[in-house]
Each structure stands twice: as C-alpha cells, then as structure tokens.
Amino acid sequence: MLTGKAMLAGVTGWPVAHSRSPLLHGTWIARHRLDAAYVPLPIRAENFATAIRGLADAGFRGVNVTIPHKEAAFAVCDEVMPRAHRAGAVNTLIFRDGRIIGDCTDGFGFLASLPAYDPRRGPAVLLGAGGAARAIAAALLDAGCPRLTLVNRTPERAEALARALGGPIQVSATPPLEGAALLVNTTSLGMAGQPPLVIDLAPLPDHALVADIVYVPLETPLLAAARARGLGGSDGLGMLLHQAQPGFEAWFAVAPVVDDELRHIVAADIPER
Ligand code: ATR
C-alpha cells in the first residue's frame, strides 16, 4: 500500500528482468513497513541519461545501476564519491537537492560479506581483472591489504588495473597461495554454463578465507573445494546482499540488515546450477 508520500527507488539495467534487487529491497521495505517502492526500470543504453534525469525530476530518491550502465552512470553524476572513482564504476545513484550523486558499493558489499576478515592480516590473491575485480581490489587496498596479487587470463588487463589503482599490487601468472590470507574469484569461471575454476587449494594456510563472487550456483566448485579443506569464506550472494545496504539507507533513511531470513528469500530465487 502506497500513499501520496511514498518514497521511490529502483534498479536500472538492460535487460533488468533477471535482477534480484526488487526482491531484495522489497523484502526490506516490507520488513520495515515503509511507505516505499523499489521497481525494475528497463532502460536502453541510448536513453540512460535522459531517463535518469527524468527519474530525479519525478521525485525518485535514487536508483541502482546494473549492466550495461555502470560506466555511463559516471557521466550523469554531479558528484562521484571517492570509492566509486577508485572502483571505476557507479552502481548506486542518490538524487538529493536537485543533484545526482554516484557511489559504488560493490567493494563495501564484498568486505561486509566477510565479517571475520581483516584485510590488514596478510596478502590477498585476486583472480580476474574485470569490473568486479577493480571494485574489490580497490576496497582491499584501501582497507590496508599489505600485498595484493592479480592473476588474469589476459595479463595486460591485470597490469592496467594494477597501474590504475597503485599501491602494493602486483600481477602474477600463477596464484601465490602460500601465506595468502584471502583468495577471491572475480572471474565467471564456476558460473552455471561456464567451465569450473581449477585451482589446487592445498598451498593455502589453514586460516585462509576463500570468496567467490559467482552466485549461480551458490556453491561453486571453488567454494566446495574450500569447504572440503575446512576453509571459511563467502559466496557471491553475500556480496550481492551487502552491496544493497548503503543505497537503501541513503534513499529510505533506514539501515537494513542482512540476515539468514533475507538470504533464504533471495537464495530461493537462484537456480541450483
Ligand atoms: P565483470 O565486470 O563482471 O568483472 P568482465 O569485465 O567481463 O566482467 O570480467 C570477467 C573476468 O573473468 C575477466 O578477468 C576475464 O578474463 P580476461 O580479462 O582474460 O577476459 C575472466 N574470464 C572470463 N572467462 C574466462 C575463462 N574462460 N578463463 C579465464 N578467465 C576468464
């Protein structure tokens, strides 16, 4: 039930029908009994800027931005938050006082999905060099990770990412697992329909954590191997749920929590394989 004062937000993408964000934000809206709605907004790339300004003019509080708009979203912003500059992408827009503010919450979501992890604790190894890799690498470095190694099929892409971010970041052809505190997969390997990620986890120390950003399936072959070795970590759903928090709080002025109930509701919408 909405009143004339309802707060509006949504997710922009093309296509957008696959997005779990309406389910996720809708669950929080219902939980907090807010006079609010979060809707899917299918917007073609060529209409993005016009549509965003229109939504802001129509009183929306803001939107999430997904493929293919994460880079185009920069151009419509009046202000881009430092962590979005570092991530090279905007996934959350906040419309406030006639201004459009861009944020990137992916790195925050990644770290929040690993509550037991302190990036300062030791070296990290990151597989991949795409958009997700950049947001996570920036968050790790900015949280004090002492050494970050990128491993990517196309090494030039990893080199470019390392140069763009700067700091204690290097590129390697093989993952230096010995002594690593964290291993993260940001490639699409292990995703349903893709080849599995083949990596021997034996050299990882017993305290190492293993994280995967893939969430279809929830337990990738990498995470199954980590579990078999007794290693903790997080799956891609954890990051998906946590990256939604800052936007929800900015638009609706309520800090929502990620808990088992929310996880179950969203996980029920994810195919097993
Ligand atoms: P995203 O923005 O979601 O991170 P992306 O930019 O397409 O997506 O990046 C996908 C990542 O998965 C890249 O690191 C890619 O490696 P390349 O840079 O060499 O393309 C990696 N990837 C995808 N398919 C792969 C495969 N079959 N083997 C190894 N790496 C793969």
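Above this text you will find the structure in question.
Here's what I pulled together on the structure shown here.

So, on to the nonpolar core. Counting residues in hydrophobic clusters, the biggest one holds 26 residues, and the most contacted among them are Phe110, Leu126, Ile136, Leu140, Leu148, Leu150 and Leu182. At the level of secondary structure, the elements contributing two or more residues to this core comprise strand S7 (124–127), helix H6 (131–142), strand S8 (148–151), helix H7 (155–165), strand S10 (182–185) and strand S11 (209–212). For this core, the element with the most residues is H6, which contributes six residues. Apart from the residues within four sequence positions on either side, Leu150 is in contact with Leu126, Ala158, Leu161, Ala162, Ile169, Gln170, Val171 and Ser172.

Along the chain, the position of Ile270 falls in the segment after helix H11 (260–267). Between the C-alpha atom of Ile270 and that of Leu218, which follows or precedes it by 52 residues, the distance is 7.8 Å.

Relative orientation of the contacting elements helix H9 (residues 236–243) and H11 amounts to 110°, with a least axis distance of 11 Å. Between H9 and H11, the angle falls in the class roughly perpendicular. Remark: the crossing between H9 and H11 carries right-handed chirality. Across the interface between the two elements, Leu237, Gly238, Leu240 and Leu241 of H9 pack against Leu262, Arg263, Val266 and Ala267 of H11. A breakdown of the residues in the contact of H9 with H11 according to their chemical character gives six nonpolar, one polar and one charged.

A few words on the sheet that holds strand S1 (residues 7–13). Taking strand neighbours across the sheet as the criterion, the six strands line up as S2-S1-S3-S5-S6-S4 in an open arrangement whose pairing is mixed. The sheet terminates laterally at strand S2 (36–42) and strand S4 (79–80), the two strands that pair on one side only. Pairing between S1 and strand S3 (residues 62–65): four bridges, direction parallel. Bridging across to S3, Val11 finds its partner in Asn64. Against the sheet, helix H1 (residues 21–31) makes contact with S1, S2 and S3, and its axis sits at roughly 175° relative to S2, the strand it touches most. The sheet contacts of helix H2 (residues 48–57) involve S1, S2, S3, strand S5 (92–96) and strand S6 (99–103), and relative to S5 the element is tilted by about 45°.

If you walk through the whole model with that rule in mind, you get four aromatic pairs. Consider the rings of Tyr38 and Trp251, whose centres lie 6.0 Å apart with planes at 40°: the pair is tilted. Of this pair, Tyr38 sits in strand S2 while Trp251 is found in helix H10 (residues 245–252), placing the two residues 213 residues apart along the sequence. Like Tyr38, the residue Trp251 is buried in the burial classification. Ring centres of Phe248 and Phe252 lie 4.8 Å apart, and the angle between their planes is 75°; on these two criteria the pair is classed as edge-to-face. With Phe248 and Phe252 both in helix H10, this residue pair falls four residues apart, about one helical turn. The pair formed by Phe248 and Phe252 is uniform in burial state, with each residue classed as buried. Taken together, the aromatic side chains of Trp28, Tyr38, Phe248, Trp251 and Phe252 make up a single cluster linked through ring pairs.

Calculation rules
- Residues numbered from 1 in each chain as written.
- Predicted model: local features only at pLDDT ≥ 70, side-chain atom pairs only at ≥ 80, totals over all residues.
- Heavy atoms only, no water.
- Core = buried A, V, L, I, M, F, W, Y, C linked by side-chain atoms within 4.5 Å.
- Buried < 20%, exposed > 50% of the residue type's maximum accessible area, 1.4 Å probe, protein only.
- Helix = DSSP H or I, 4+ residues; strand = E, 2+ residues; numbered from the N terminus.
- Contact = heavy atoms within 4.5 Å.
- Axes fitted to C-alpha atoms, helices over the stretch in contact; angles between N-to-C directions.
- Parallel < 35°, antiparallel > 145°, perpendicular 65-115°, else oblique.
- Left-handed = near helix turned anticlockwise from the far one by under 90°.
- Nonpolar A, V, L, I, M, F, W, Y, C, P; charged D, E, K, R; others polar.
- Pairing = 2+ DSSP bridges.
- Phe/Tyr/Trp six-rings, centres within 6.5 Å; stacked < 30°, edge-to-face > 60°.

Interpretation in functional terms is not warranted from these geometric data alone.
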